[in-house]
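Descriptive analysis of the structure
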Amino acid sequence: MRAATERFRDVAVALGEGYIRDPFDLCDTAEMMGRPAALGAMGVHYVRPDLLGITAPPSPRVDGHGTHTDFLRPGILIYEPQADGSMQLVAVENLVFARSWRATGRPAPPTFHGVP
């Protein structure tokens, strides 16, 4: 996965490939999601709406029809803001909408290397 996403260390490459910065421009923290602050933060999300099948922005949650699960071409890149203003790639993520996944007729939730 690291080799497949190496190019995204440069956020300009991600932008050039169609990723867009979370319009809320937030560095999501555990505390913001009702979890203990000690669990830390997630970073700023850059998403590919076309891969995720996003049909509506968060209000209060994002909505869509995506079932994309290819981590070698992730739907979401997560960057950590650095003190010098740059962004460091720290994670990749995919988002699958349960309603859409069930509609495909697949009997089980998506997995990655056997992990649901």
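Everything in this summary refers to the structure shown in the same document.

This brings us to unusual backbone geometry. For residues that are not glycine, phi is negative in most cases, and the peptide bond is trans in most cases. With phi around 50 degrees, His 113 is a residue other than glycine that occupies positive phi space. Structurally, His 113 is set in the segment after α4 (98-103). Look at His 113 and you get exposed, because its relative accessible area is 73%.

A complete count under the given rule lists three aromatic pairs for this structure. With centroids separated by 5.0 Å and ring planes inclined at 70 degrees, the aromatic side chains of Tyr 46 and Tyr 79 adopt a geometry described as edge-to-face. In this pair, Tyr 46 is assigned in strand β3 (residues 41-47) and Tyr 79 in strand β6 (residues 76-81), connecting sequence segments 33 residues apart. You'll find Tyr 46 and Tyr 79 in the same group, each marked buried.

Attention shifts here to the nonpolar core. The biggest cluster of nonpolar side chains holds ten residues, and these are Phe 8, Val 11, Ala 14, Tyr 19, Val 44, Tyr 46, Leu 77, Tyr 79, Met 87 and Leu 89. If you list the elements that add at least two residues to this core, you get α2 (11-16), β3, β6 and β7 (87-93).

Take the environment of Val 115 next. Within the secondary structure, Val 115 sits in the segment after α4. Once the C-alpha coordinates of Val 115 and Asn 94 are considered, the two residues, 21 residues apart in sequence, prove to be 14 Å apart.

Rules used throughout
- Residues numbered from 1 in each chain as written.
- Predicted model: local features only at pLDDT ≥ 70, side-chain atom pairs only at ≥ 80, totals over all residues.
- Heavy atoms only, no water.
- Helix = DSSP H or I, 4+ residues; strand = E, 2+ residues; numbered from the N terminus.
- Buried < 20%, exposed > 50% of the residue type's maximum accessible area, 1.4 Å probe, protein only.
- Phe/Tyr/Trp six-rings, centres within 6.5 Å; stacked < 30°, edge-to-face > 60°.
- Core = buried A, V, L, I, M, F, W, Y, C linked by side-chain atoms within 4.5 Å.

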